[in-house]
Amino acid sequence: MSKAEFRSGYVGVVGRPNVGKSTLINQILGQKIAAVSPRPQTTQRNQLGILTTEQYQLILVDTPGIHQPVTKIGDFMNESALGTFSDVDVILWIVDISVKPFAEDINIAQKIKALNLQENTLIALNKADLVVQEDLEKAAENYLELLPEAESLVISAQIAAGVDRLLERLIERIPVGPQYFPEDQITDLYERQIACDLIRESLLMNLSEEIPHAIAVRLDEYKDRSEKNAYIHATLLLDRESHKPIVIGKKGAMIRKIGEYARMEIEKLTDRNIYLELNVKVEKNWRNNPKVLRALGYFIRKD
Ligand SMILES: Nc1nc2c(ncn2[C@@H]2O[C@H](COP(=O)(O)OP(=O)(O)OP(=O)(O)O)[C@@H](O)[C@H]2O)c(=O)[nH]1
Ligand SMILES: [Mg+2]
């Protein structure tokens, strides 16, 4: 293929929480750059996943799950996701085919229709591994009828089924264009930010109910000690005093468990030995405090 035919473009990966958006991006990149968990609202900010070859540069925009926000951070997450709809070449709408559409799915379909973006949308019917073959068609229909003019593909991001075909279709849909990012760049977030997200992933994996959602991770220090070693100091900001004993656990057992899981994930990401120190601090109602949110990097840039 000649240089003139190089293709590049942005794909907005959108959907309600927990449908597998981040799992798919990690799978396409063949590397974990985004936090994943079985709990909704794992992703809190837009993050690029960039795949570059000789022929194309595909820029996937991972977005927070679109939901009914009840806090200021929820508003930020929704705005981040909804803001991508008109800014991308292709909308990749991920749905969970193993369950019927939620109200949020119906809202997303309406938004796509209202913006007249049906033809720019590809529906990925994800989690097909959870559906028996005979039921697939009927399960798909529940979603396809929401957006009849959009193309669709059945996939399983987790086991990489249908992902190659999906990738092919995305590349065919992006325009001829320049290479926007250096070829070795795979994301737009700094390693330190991804480390924070992986600590959050650990909170979601280890703490029950609403507690992980009421905790912010603030990175205080990230120091390379040598090529093979790094030191990270982070603070867990709790929005309630009563969560403190739960997060710390008996004789510090829970905070150690949280740290251990996060350390291993960050080591996989960075290919370094990590010394991770976690602190706990109460910052009452931080989720609704614009100043704290801004300091943590949750804000919409108004260009
Ligand atoms: N069985 C199955 N599980 C999947 C598949 N894709 C993702 N999951 C699981 O679904 C859960 C949610 O995955 P995420 O990738 O975090 O979902 P998300 O859409 O990014 O969620 P938010 O960031 O909260 O919006 C995780 O437990 C994944 O392992 C799939 O194809 N099959
Ligand atoms: Mg996510």
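Our structure is the block above this text.
The notes below deal with the structure included here.

What counts, and where the lines are drawn
- Residues numbered from 1 in each chain as written.
- Chains lettered and ligands numbered in written order.
- Predicted model: local features only at pLDDT ≥ 70, side-chain atom pairs only at ≥ 80, totals over all residues.
- Heavy atoms only, no water.
- Donors = N, O, S within 2.8 Å, 3.2 Å for Na, K, Ca; no water.
- Helix = DSSP H or I, 4+ residues; strand = E, 2+ residues; numbered from the N terminus.
- Buried < 20%, exposed > 50% of the residue type's maximum accessible area, 1.4 Å probe, protein only.
- Pairing = 2+ DSSP bridges.
- Axes fitted to C-alpha atoms, helices over the stretch in contact; angles between N-to-C directions.
- Contact = heavy atoms within 4.5 Å.
- Parallel < 35°, antiparallel > 145°, perpendicular 65-115°, else oblique.
- Left-handed = near helix turned anticlockwise from the far one by under 90°.
- Nonpolar A, V, L, I, M, F, W, Y, C, P; charged D, E, K, R; others polar.
- Salt bridge = Lys/Arg side-chain N within 4 Å of Asp/Glu carboxyl O.

## Examining the coordination of the magnesium ion (ligand 2)
Then, number 1: Distances from the magnesium ion (ligand 2) to its protein donors, namely Ser22 (OG) and Thr43 (OG1), fall within the range 2.0 to 2.2 Å. Here the residue Ser22 occupies a position in helix α1 (residues 21-29), and Thr43 occupies one in the loop between α1 and β2 (47-52), the gap between them amounting to 21 residues.
Then, number 2: On the basis of relative accessibility, which here comes to 14%, the residue Thr43 falls in the buried class.

## Quick word on the sheet that holds β2
Then, number 1: As summarised here, the arrangement of the 6 strands in space is β2-β3-β1-β4-β5-β6, forming an open sheet in which the pairing is mixed. Two strands in the sheet have a free side with no partner beyond their single neighbour: β2 and β6 (151-154). Taking each pair of neighbouring strands and ignoring which way they run, the sheet shows an average axis angle of 25 degrees.
Then, number 2: Bridging between strand β1 (residues 7-14) and strand β3 (residues 56-62) involves 7 bridges; their strand directions are parallel. Residue pairing for β3: Gly9 is matched across the bridge by Leu58.
Then, number 3: The strands touched by helix α3 (residues 103-114) are β4 (90-96) and β5 (121-126); relative to β4, the strand with the most contacts, the crossing angle is about 160 degrees.
Then, number 4: Lying over the sheet, helix α4 (residues 136-144) contacts β4, β5 and β6, oriented at roughly 140 degrees with respect to β5.

## Let's talk about the sheet that holds strand β9 (residues 273-282)
Then, number 1: Strand order in the open sheet formed by 3 strands is β7-β8-β9, and the pairing between neighbours is mixed. With one partner strand each, in any of the chains shown, β7 (215-224) and β9 form the two edges of the open sheet. Direction aside, the axes of adjacent strands within the sheet are offset by 20 degrees on average.
Then, number 2: Bridge count for β7 against strand β8 (residues 229-238) is 9 bridges, and the pairing is antiparallel. Each bridged residue has a counterpart across the sheet, and for Lys223 the counterpart in β8 is Tyr231.
Then, number 3: Strand contacts of helix α8 (residues 253-270): β7, β8 and β9, with the helix running at about 135 degrees to β9, the strand carrying the most contacts.

## Notes on the packing of helix α6 (residues 191-206) against α8
Then, number 1: Put simply, α6 and α8 touch, their axes get as near as 8 Å, and they point 140 degrees apart. One finds that α6 runs oblique with respect to α8. The handedness of the crossing between α6 and α8 comes out as right-handed. Of the residues in α8, those touching α6 at Glu191, Ile194, Ala195, Leu198, Ile199, Glu201, Ser202, Leu203, Met205 and Asn206 are Met254, Lys257, Ile258, Tyr261, Ala262, Glu265, Ile266, Leu269 and Thr270.
Then, number 2: Looking at the contact of α6 with α8 residue by residue, the classes come out as 12 nonpolar, 3 polar and 4 charged.

## Overview of the pattern of salt bridges
Then, number 1: As enumerated under the stated definition, the model contains 18 salt bridges in all.
Then, number 2: A salt bridge links Arg165 to Glu168, with the shortest nitrogen-to-oxygen separation between them at 2.8 Å. Remark: Glu168 and Arg165 occur in helix α5 (residues 163-173); sequence separation between them is 3 residues, near one turn of the helix.
Then, number 3: On the basis of relative accessible area, Arg165 is assigned to the partly exposed category, the value being 41%.
Then, number 4: By relative accessible area, Glu168 is classed as partly exposed at 41%.
Then, number 5: Among the ionic pairs, Arg272 bridges to Glu191, the shortest N-O distance being 2.4 Å. With Arg272 in the loop between α8 and β9 and Glu191 in helix α6, this pair connects stretches of sequence that are 81 residues apart.

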